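Chain by chain, the residues:
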Amino acid sequence: MNKKGFIFDLDGVIVDTAKYHFLAWQRLAKGLDINFTEEENEQLKGVSRVRSLEKILAWGNKTISQELFDELMGKKNEEYLSFIAEMDTNEILPDVPRVLKFLKEMDQPISLGSASKNARTILERVNLKSSFNAIVDGNDVSKAKPDPEVFLIAAKEIDVKPEDCIVFEDSVAGVTAANTANMISIGIGSKDVLGHANYVFKDFTEISNDLIKSLIEN
Ligand code: B16
Ligand code: MG
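These lines cover the structure that appears in this document, whether it is placed above or below.

Analysis parameters
- Residues numbered from 1 in each chain as written.
- Chains lettered and ligands numbered in written order.
- Predicted model: local features only at pLDDT ≥ 70, side-chain atom pairs only at ≥ 80, totals over all residues.
- Heavy atoms only, no water.
- Buried < 20%, exposed > 50% of the residue type's maximum accessible area, 1.4 Å probe, protein only.
- Helix = DSSP H or I, 4+ residues; strand = E, 2+ residues; numbered from the N terminus.
- Pairing = 2+ DSSP bridges.
- Near = heavy atom within 4 Å.
- Polar contact = N/O pair within 3.5 Å; in protein donor to acceptor, adjacent residues only side chain to side chain.
- Nonpolar A, V, L, I, M, F, W, Y, C, P; charged D, E, K, R; others polar.
- Domains from an automatic or database assignment.

**So, the pairing of strand 1 (residues 5-8)**
Right, on to step 1. Both faces of strand 1 are covered, namely the face carrying G5 and I7 and the face carrying F6 and F8.
Right, on to step 2. Strand direction decides the pairing type here: strand 1 and strand 4 (residues 165-169), joined by four bridges, are parallel. The partner of F8 across the bridge, within strand 4, is F168.
Right, on to step 3. For strand 1 and strand 2 (residues 110-113), the ladder comprises three bridges, and the chain directions are parallel. Residue I7 lies in a different strand from strand 2, and its bridge partner there is S111.

Structure, rendered in structure tokens:
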């Protein structure tokens, strides 16, 4: 049996925490008199916390002191963590457990490649930490997506060459990162947003075990 490396993004791929990021950022932006749309929010997906706040401030044409910047980052994360604290296994996205189980049966190494500094906490909350052979998150990288660093480290940790890795991603920045890393990118979401991915599926219900088998064999 061939060995491929399967790398999963977290927010928006394994769990729908993207909605909590959106809520927390939107509330914070409102406090600064900045409004942003769901379309603009796509640009925040997969992007680091610092970069997200920089983008929101740019949309609102606002400059703030470093002190306030740090305070707002802390505030956003506090609110985000209050959502996370309520999470349980019901928030795992459809068919993710089936795919993880099948990959394990097929003896394929699995890595997490997330920009989030809260990734480990979230995996613990939804009881999925032990499904991963390696976890690489926002604490382990110096360059955020669209830089490929997070996926390159995730591949290294499971000892698989980048060209033998398959990445599941819901964000524009993350698909770009996977493509730049020379990996197969599988977009989870809409073709209109993730058209630069090698394949796009609405969610894992559209990814059959046979399809995974063909990814392993090719
Ligand atoms: P945190 P992913 C990303 O996670 C989110 O998509 C992005 O919206 C968020 O800003 C980033 O993590 C940082 O998250 O504030 O928890 O460190 O999609 O790469 O799993
Ligand atoms: Mg994501």
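**Re the site of ligand 1**
Right, on to step 1. The full set close to ligand 1 counts 19 residues, and D11, V47, S114, S116 and K117 are the nearest of them.
Right, on to step 2. Taking D11, its side chain carries an N or O atom lying 2.7 Å from an oxygen atom of ligand 1.
Right, on to step 3. R49 is positioned with one of its side-chain polar atoms (N or O) 2.7 Å from an oxygen atom of ligand 1.
Right, on to step 4. Among the secondary structure elements, those contributing two or more residues to the shell around ligand 1 are helix 3 (49-59) and helix 4 (66-84).
Right, on to step 5. Residue composition of the shell around ligand 1, grouped by class: five nonpolar, seven polar and seven charged.
Right, on to step 6. Counting contributing residues per domain, the shell around ligand 1 is built from domain 1 (5-16 + 91-217) and domain 2 (18-84), each supplying no fewer than three.

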